[in-house]
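Below, each chain spelled out in residue letters.
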Amino acid sequence: MGQLRCIHSLIAVLFLTVVLIISNNGVDAFHKVHPHLQSVSRISVSGKHRTGYHFQPPRNWINDPNGPMHYNGYYHLFYQYNPKGSVWGNIVWAHSVSKDLINWKALEPAIYPSKPFDKFGCWSGSATIIPGKGPVILYTGIVDANKTQVQCYAVPEDLSDPFLTKWIKPDEYNPIVVAGPGVNRTDFRDPTTAWFEDGHWKILVGSRRKHRGIAYLYRSRDFKKWIRAKHPIHTAAGTGMWECPDFYPVSMKGTMGLDTSVVGNHVKHVLKNSLDETRFEYYTLGTYFTNIDRYIPDNTSVDGWGGLRYDYGNFYASKSFFDPTMNRRILWGWANESDTKEDDIHKGWAGIQAIPRTLWLDPGGRQLIQWPIEELNSLRDKEVEMSNLKLVKGDYVEVKGITAAQADVEVTFSFSSLNEAEAFDLSWVNAEDLCGKKGSNIQGGVGPFGILTLASKNLEEFTPVFFRIFKASNKHVVLLCSDARSSSLKSELYKPSFAGFVDVDLSTTKKLSLRSLIDHSVVESFGAGGKTNILSRVYPELAVADQAHLFVFNNGTVPIVVENLRSWSMKSAVIN
Ligand code: DQQ
């Protein structure tokens, strides 16, 4: 797929620029500010679509995960939060702590506007643990009503408090970074976790110059006085504002994560940016040349809108951190709502965090792999298993006996032949469009096959997650779809046919696996062991609570075998 992406990246960029900018993905992102609604609070909160094990506070709006870390026995999650309402506004850093990344205890907001340098907002940022000294948070302060942005720091008031409840923003040195000459003062935000290299701490700050996305590099010897490097670590034309950059090493062998400061021949680096214009995020794999402080993406890694994504659905402003307790790198991402702001005000809440994912480099070296953290398995309850179930064209078989609205499903499908795969048209560069053309009901050769999640009994509503295999000139092309178009009888919703291509070689093994985490208004899916992942937000009217059903299906002419399916009812986590 890498090659195909390269060939078509230019067309894809043009196409996406036009289509996505015009439609803004339909996502009601925070940039659509609704001042008159920002402090509209509801007394009651609607439980209908609330999640059972995905992170969310009891009420109100949330967005980006901020400053995740493990310190002194606790995981910390901070996040952008509106304490007064369920649309974006009045933003503070809410704070929760956990022993297992699944069950969370809410604390008071850690960072909120209180100083001249953050009077108009405390926006996203990261945590860095300074060896022997403890954590420091870097965040973006909004200085004035024009949204002038500066980078600030905060430290725990009391390092002996295991929860690090209170944070202070020293007056000395704050703000630590202001936009210098030539830097866009109102698009200059979201400092990364710092890494230590060659006697300096280094951070990135996301920005843009006109339509060029930029990650500025700053250096400091003492974490207080910061100086901008002559060159950004990386830029890319035509990508617009880079929000929430994330920059970290991954090991070239094995699944172990690395501390952010690790460099060397045995690592590759990842640069991820959240593209403000489309509200999708992209990453590249490449080399960090420490001698010149530049990052150069590999030639197999397309830089920009034709490139790789952590998730081909609703997943934004993500941030990773190194967890030293299990030597792994963990990724958090925000899943915004796909309903309207009126719905959010009615619900009294908006936004969830995706399940934290462990992340490592695929052995092929061309992409990352992600998998839900293993702690999630502790919520698995009643289990139902199926094996060697043959599905011929038109078969829909219900998976009975679990709570289908709150479940975890793992399934492996196999197929005996690829001869009947449909021909792949090289103009199909946009996976989401292709899924829109070839939905789960459109008969194919090999596929569509997969699962129907959050389905009503008579299939008036369902969110299919499925594969479809095509034949290109010298290889097979695999598409994974998570199609929200039939997810709800309600009409005023954003119902995208999210999809991504899956980079697998079917010549050796004719199998594909899928895992979906189903949680009332979210279907979070991991295709081919975490190679292509898609999170969909959906709002069924009928397929709610015990009225939700789960099916396996095949609508292709080639029979498919469900080699093995394991599904679990999921217990609710104790969250906040
Ligand atoms: N959200 C924050 C910004 C960031 C954006 C504001 C990304 O710091 O750029 O809430 O969703």
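Residues numbered from 1 in each chain as written. Predicted model: local features only at pLDDT ≥ 70, side-chain atom pairs only at ≥ 80, totals over all residues. Heavy atoms only, no water.

J.: What is the right way to look at the domain arrangement of the protein in this model?
T.: As a measure of interface size, the accessible area lost when the parts come together is often cited. Domain annotation for the protein reports domain 1 (6-43 + 64-372) and domain 2 (381-570). Each of domain 1 and domain 2 has a C-alpha centre, and these two points are 31 Å apart. Taken residue by residue, the interface counts 33 residues in domain 1 and 29 residues in domain 2. Of the roughly 2,600 Å² buried between domain 1 and domain 2, counting both surfaces, carbon and sulfur atoms make up 55%. Of all residues in domain 1, Tyr312, Ser338 and Trp371 give up the largest surface area on contact with domain 2, accounting jointly for 25% of the area buried on that side. At the junction of domain 1 and domain 2, the tally comes to five salt bridges. Between Arg366 and Asp503 there is a salt bridge, and its shortest N-O distance comes to 2.8 Å. (Domains from an automatic or database assignment. Contact = heavy atoms within 4.5 Å. Buried area = accessible area lost by both parts, 1.4 Å probe. Salt bridge = Lys/Arg side-chain N within 4 Å of Asp/Glu carboxyl O.)

J.: So what exactly am I meant to see when it comes to the site of the ligand here?
T.: Taken together, 14 residues lie around the ligand, and Asp64, Gln80, Arg189, Asp190 and Glu243 are the ones closest in. One of the side-chain nitrogen or oxygen atoms of Glu243 is found 3.0 Å away from an oxygen atom of the ligand. In the complex, 100% of the free accessible area of the ligand, which totals 310 Å², lies under the protein chains. When contributions to the shell around the ligand are tallied by element, the ones reaching two or more residues are strand S1 (60-71), strand S5 (122-130) and strand S20 (316-323). Taken together, the residues of the shell around the ligand break down into six nonpolar, three polar and five charged. (Near = heavy atom within 4 Å. Polar contact = N/O pair within 3.5 Å; in protein donor to acceptor, adjacent residues only side chain to side chain. Areas by Shrake-Rupley, 256 points an atom, 1.4 Å probe, with all protein chains shown as cover. Helix = DSSP H or I, 4+ residues; strand = E, 2+ residues; numbered from the N terminus. Nonpolar A, V, L, I, M, F, W, Y, C, P; charged D, E, K, R; others polar.)

J.: Got a minute to help me understand the nonpolar core in this structure?
T.: When a protein is soluble and globular, its nonpolar side chains tend to lie buried together. Of all hydrophobic cores here, the largest spans 79 residues; its most connected members are Leu368 and Ile469. Taken domain by domain, the makeup of this core includes at least three residues from each of domain 1 (6-43 + 64-372) and domain 2 (381-570). Not counting residues up to four positions away in its chain, the partners in contact with Leu368 are Tyr248, Val250, Val270, Tyr283, Leu285, Tyr310, Leu359, Trp360, Leu361, Asp362, Gly530 and Lys531. Core analysis: the second largest hydrophobic core is formed by 24 residues, Ala94, Leu101, Ile355 and Phe526 among them. (Core = buried A, V, L, I, M, F, W, Y, C linked by side-chain atoms within 4.5 Å. Buried < 20%, exposed > 50% of the residue type's maximum accessible area, 1.4 Å probe, protein only.)

J.: How should the sheet that holds strand S26 (residues 380-391) be read in this particular structure?
T.: Strand pairing within a sheet occurs via backbone hydrogen bonds; the two strands may be parallel or antiparallel. Strand order in the open sheet formed by six strands is S26-S38-S28-S34-S35-S36, with antiparallel pairing between adjacent strands. Two strands in the sheet have a free side with no partner beyond their single neighbour: S26 and strand S36 (532-537). Ignoring which end each strand starts from, the neighbouring axes of this sheet average 15 degrees apart. Pairing analysis gives nine bridges linking strand S28 (residues 406-415) to strand S34 (residues 511-519), with the strands arranged antiparallel. Within S34, the position partnered with Phe413 by the bridge is Leu512. (Pairing = 2+ DSSP bridges. Axes fitted to C-alpha atoms, helices over the stretch in contact; angles between N-to-C directions.)

J.: Can you walk me through the sheet that holds strand S4 (residues 105-111) in this structure?
T.: As summarised here, the arrangement of the five strands in space is S4-S3-S2-S1-S22, forming an open sheet in which the pairing is mixed. Taken across any chain shown, the strands that pair with only one partner, and hence form the sheet edges, are S4 and strand S22 (349-350). The pairing of S1 with strand S2 (residues 74-82) spans seven bridges and is classified as antiparallel. Bridge pairing links Met69 to His76 in S2.

J.: I tried to follow the pattern of salt bridges on my own but got confused; where do I start?
T.: Any two side chains of opposite charge can pair, given that their charged atoms come close. Under the definition given, this model contains 36 salt bridges. Linking Asp293 and Lys202 is a salt bridge whose minimum nitrogen-to-oxygen distance equals 2.9 Å. Here Asp293, found in the loop between strand S18 (280-289) and strand S19 (294-297), pairs with Lys202, found in strand S12 (residues 200-209); they are 91 residues apart in sequence, far enough to count as distant. Judged by its relative accessible area of 3%, Asp293 is buried. Beyond isolated ion pairs, a larger network of salt bridges with shared partners links Asp187, Arg189, Arg208, Glu243, Asp276 and Arg279.

J.: So what exactly am I meant to see when it comes to the UniProt feature "domain: Glycosyl hydrolase family 32 N-terminal" (unreviewed entry) in the protein here?
T.: Per the UniProt entry, the sites bearing "domain: Glycosyl hydrolase family 32 N-terminal" (unreviewed entry) are residues 54-372 in this numbering. Split by type, residues 54-372 is 2% helix and 49% strand. Its first and last C-alpha atoms lie 12 Å apart. (UniProt positions renumbered as here; feature names shortened; annotations may be inferred.)

J.: Mind showing me how you'd approach the UniProt feature "domain: Glycosyl hydrolase family 32 C-terminal" (unreviewed entry) in the protein here?
T.: Under the feature "domain: Glycosyl hydrolase family 32 C-terminal" (unreviewed entry), the UniProt entry names residues 375-568. Annotated as 4% helix and 50% strand, the span residues 375-568 places its first and last C-alpha atoms 15 Å apart.

J.: Help me understand unusual backbone geometry, please; the structure alone is not making it clear to me.
T.: Glycine aside, residues mostly have negative phi, and peptide bonds are mostly found in the trans state. Here the bond from Asn174 into Pro175 is cis, since omega is -5 degrees, no more than 30 degrees from zero. In this structure, Pro175 sits in the loop between strand S8 (167-168) and strand S9 (177-178). Cis geometry is adopted by the peptide bond preceding Pro448, which originates at Gly447 and carries an omega value of 10 degrees. Its identity as a non-glycine residue notwithstanding, Arg279 has a phi of 60 degrees, on the positive side. Among the structural elements, Arg279 can be located in the loop between strand S17 (267-275) and S18. You can call Arg279 buried: its relative accessible area is 7%.

J.: Would you mind going over the side chain of Arg328 with me for this structure?
T.: Tracing the sequence through the fold places Arg328 in strand S21 (residues 328-335). A relative accessible area of 5% means that Arg328 is categorised as buried. Here Tyr75 takes part through its side chain, which lies 3.2 Å from a polar atom of the side chain of Arg328. Contacts of Arg328, omitting those with residues within four sequence positions, involve Tyr75, Leu101, Gly257, Phe321, Phe322, Asp323, Thr358, Ile373, Glu374 and Glu375.

J.: Explain the pairing of strand S37 (residues 549-554) to me, please; I cannot follow it from the model alone.
T.: Regular strands place side chains that alternate from one sheet face to the opposite one. Across the six residues of S37, six count as buried, placing the element largely inside the fold. Side-chain alternation along S37 places His549, Phe551 and Phe553 on one buried face and Leu550, Val552 and Asn554 on a second face that is also buried. Two elements, strand S30 (residues 446-455) and S37, share five bridges in a ladder whose sense is antiparallel. Within S37, the residue paired with Phe449 across the bridge is Asn554.

J.: Help me understand the pairing of S36 in this model?
T.: Across the six residues that make up S36, a large majority, six, are buried. Joining the antiparallel neighbours strand S35 (residues 522-527) and S36 is a turn of four residues, in which Ala528 adopts a positive phi near 50 degrees.

J.: Help me understand the packing of aromatic side chains, please; the structure alone is not making it clear to me.
T.: Aromatic rings considered in pairs are described by the distance between their centres and by the relative angle of their planes. The full count for this structure, using the stated rule, is 34 aromatic pairs. Plain terms: the ring middles of Trp88 and Trp123 are 5.6 Å apart, the flat faces sit at 80 degrees to each other, and that makes the pair edge-to-face. Here Trp123 lies in strand S5 and Trp88 lies in the loop between S2 and strand S3 (92-98), a separation of 35 residues in the sequence. What makes Trp123 buried here is its relative accessible area of 6%. Geometrically, the ring pair formed by Phe424 and Trp428 is edge-to-face, given 5.5 Å between the ring centres and 85 degrees between the ring planes. Of the two residues, Phe424 and Trp428, both sit in the buried class. Grouping aromatic residues by their ring pairs yields a cluster made of Phe55, Tyr79, Tyr81, Trp104 and Trp332. (Phe/Tyr/Trp six-rings, centres within 6.5 Å; stacked < 30°, edge-to-face > 60°.)

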